[in-house]
Amino acid sequence: MSKLTSTEWSLAARPVGMPKVSDFQTKTIDVPEPAEGEIQVMNTWMSVDPYMRGRMYDRESYVPPFQIGETLQGGAVGRVSASAHPDYKVGDLVSSFLGWRTAWTAKPAAAAVQKLPATGLPESAFLGVAGMPGLTAYAGLLRVAELKQADTVFVSGAAGAVGSTVVQIAKIKGATVIGSAGGAEKCALVKSLGADAVIDYKQAKGFDGLVAALRAAAPKGIDVYFDNVGGDHLTAAIEMARPLARMALCGMIAQYNETGTPVGPHNIIQAVGKQLKLQGFIVSTHADMQPAFLADMAKWIAGGQMKFEETVMTGIEKAPEAFLGLFTGANTGKMLVKLA
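Residues numbered from 1 in each chain as written. Predicted model: local features only at pLDDT ≥ 70, side-chain atom pairs only at ≥ 80, totals over all residues. Heavy atoms only, no water.

Peer 1: Can you walk me through the overall build of the chain in this structure?
Peer 2: When its secondary structure is counted, the chain shows 9 helices and 15 strands. For 340 residues, the compact-globule estimate of 2.2 N^0.38 gives 20 Å, and the C-alpha radius of gyration of the chain, at 21 Å, lies within 12% of that figure. Looking at the 340 residues of the chain, the share that counts as buried comes to 54%. Here the chain has roughly 15,000 Å² of accessible surface; of this, 55% comes from carbon and sulfur atoms. In the chain, which carries 31 positive and 30 negative side-chain charges, the distance between the mean positions of the two groups comes to 5 Å. (Helix = DSSP H or I, 4+ residues; strand = E, 2+ residues; numbered from the N terminus. Rg over C-alpha atoms; globule rule 2.2 N^0.38 Å. Buried < 20%, exposed > 50% of the residue type's maximum accessible area, 1.4 Å probe, protein only. Areas by Shrake-Rupley, 256 points an atom, 1.4 Å probe, with all protein chains shown as cover. Lys, Arg positive; Asp, Glu negative; His and termini not counted. Charge placed at Lys NZ, Arg CZ, Asp CG, Glu CD.)

Here is the structure:
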């Protein structure tokens, strides 16, 4: 019987500005049989996400930085191939935090393993709409931004995994939704998800254009902003915010690869006069919402109220390319790598 091996990716160098393929390196290792209390898993899907860029800096954050030469981490879904743990059997579908590799052996607790239920959803959905991005959208919109039925909601990055889910949850809850995306194809997708208006940020060409487009779509202003982008989008949202508007700051992908000193919104003083709430959040803080999230998501998907898009690259060798694609707009919906 041949030994199981794993192809894995690590950092070869810390990226400066926009990451390059040469910043990553690959290796193949033997995967041991599980010792008592361990399971062996063959990953079938792995996720790449914008937050991973922050872990490539050597600095303190809410998660430790990636180390040079150590296998990268991220969301993954796979099947148990061998088990020495009483709660797991061969064939079980599990999610873990051990992505960027094709196989692994570990104790479930050490790998943040969750046994996934039989829902009828494709395996990949547990890394997107029914996984971390979906919960991010759900918690950020409903808890952090305190969505109300009559709200006007502005969503940046609205064609991405999180943003597209925010658009649909807001519509399900009765809000008016304005999405921002780049290019005609992505804008058409956001419109098909139910958005009342869509702004092509590439056509808007910066702060002034975004403000003009927002003013046309929402003459009375916005009540909620869900921020995936930062930069001009955040500044425009502050400009068009109504008094007591709430802003859920999920990510700022426009600034992740900056090499100079980041510049904040020039109109931040309006946050005082308008009594705005700007709150950053991390999805893990809201893990208590998982049962309600899964129940609602299953109902919405079954009822045709929730659609999801995926951009899939095939093969572990494509992992760095998929990651880099997040910063060039290569993905519509969730960016994934199919491993098996």
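Peer 1: Hey, could you run me through the packing of helix 1 (residues 132–144) against helix 8 (residues 290–302) in this one?
Peer 2: Two packed helices can be described by the angle between their axes and the distance between those axes. In the contact formed by helix 1 and helix 8, the axes pass within 10 Å of each other and the chain directions differ by 105°. One finds that helix 1 runs roughly perpendicular with respect to helix 8. Where helix 1 approaches helix 8, its residues G134, L135 and Y138 are matched on the opposing element by Q290, A292, F293, D296 and W300. Classifying every residue of the contact of helix 1 with helix 8 gives 5 nonpolar, 2 polar and 1 charged. (Axes fitted to C-alpha atoms, helices over the stretch in contact; angles between N-to-C directions. Parallel < 35°, antiparallel > 145°, perpendicular 65-115°, else oblique. Contact = heavy atoms within 4.5 Å. Nonpolar A, V, L, I, M, F, W, Y, C, P; charged D, E, K, R; others polar.)

Peer 1: Sorry if this is basic, but what is going on with the pairing of strand 11 (residues 222–227) here?
Peer 2: In regular strands, side chains alternate between the two faces of the sheet. In terms of burial, strand 11 is largely enclosed, as 6 of its 6 residues are buried. Here 3 bridges tie strand 8 (residues 152–155) to strand 11, and the two strands are oriented parallel to one another. Looking at the pairing, F154 lines up with Y225 of strand 11. Examined bridge by bridge, strand 11 and strand 12 (residues 241–249) share 5 bridges and lie parallel to one another. (Pairing = 2+ DSSP bridges.)

Peer 1: Where do I start with empty space enclosed by the protein in this structure?
Peer 2: If you roll a probe as big as a water molecule over the atoms, it shows you where there is empty space left. Per the stated rule, a full pass over the model turns up 1 cavity of 30 Å³ or more. What the largest cavity holds in volume is close to 90 Å³. Around the largest cavity, the lining residues are A125, G128, V129, A161, S164, T165, K307, F308, E309, E310, G333 and K334. Examining the composition of the lining of the largest cavity, we find that 3 residues originate from one element, helix 2 (residues 161–172), more than from any other. (1 Å grid on protein atoms, 1.4 Å probe; cavity = no way out; pocket = protein on both sides within 12 Å on 5 of 7 lines; lining within 4 Å. Points joined across faces, edges and corners; volume = space filled by probe spheres on them.)

Peer 1: Quick question: what am I supposed to make of the packing of aromatic side chains here?
Peer 2: Each aromatic ring pair is summarised here by two numbers: the centre-to-centre distance and the angle between the ring planes. Applying the stated criterion across every chain, the model contains 8 aromatic pairs. Taken together, the ring pairs connect F24, W100, F323 and F327 into an aromatic cluster. Its end group placed over the ring of Y57, R53 keeps NZ or CZ at 4.3 Å from the ring centre. Above the face of the Y88 ring, K115 is positioned so that its terminal group lies 5.0 Å from the ring centre. (Phe/Tyr/Trp six-rings, centres within 6.5 Å; stacked < 30°, edge-to-face > 60°. Lys NZ or Arg CZ within 6 Å of the ring centre and 35° of its normal.)

Peer 1: Got a minute to help me understand unusual backbone geometry in this structure?
Peer 2: Peptide bonds are, in most cases, trans, and in most cases residues other than glycine have a negative phi. Even without glycine at this site, L244 takes up a positive phi of about 70°. Take L244: it is sitting in strand 12. At Q275, a residue that is not glycine, the phi angle is positive and equals roughly 55°. Within the secondary structure layout, Q275 lies in the loop between helix 7 (270–273) and strand 13 (277–280). On the accessibility criterion, Q275 (54% relative accessible area) is exposed.

Peer 1: Even after reading the chapter, I still don't get the pattern of salt bridges, so can you show me in this structure?
Peer 2: When charged atoms on two side chains of opposite charge get close, those side chains can pair. Under the defined criterion, the tally for this structure stands at 12 salt bridges. A salt bridge links R79 to E123, with the nearest nitrogen and oxygen atoms 3.1 Å apart. Placement of the pair is R79 in strand 4 (residues 76–83) and E123 in the loop between strand 7 (114–115) and helix 1, with a sequence separation of 44 residues. A salt bridge links R242 to D223; its shortest N-O distance comes to 2.9 Å. Taken together, the positions of R242 in strand 12 and D223 in strand 11 put the pair 19 residues apart, joining distant regions of the chain. Residue classification places D223 among the buried positions, given a relative accessible area of 12%. Here the salt bridges share partners, and the residues they tie into one network are K89, D92 and K115. (Salt bridge = Lys/Arg side-chain N within 4 Å of Asp/Glu carboxyl O.)

These figures come from the coordinates and say nothing about function on their own.
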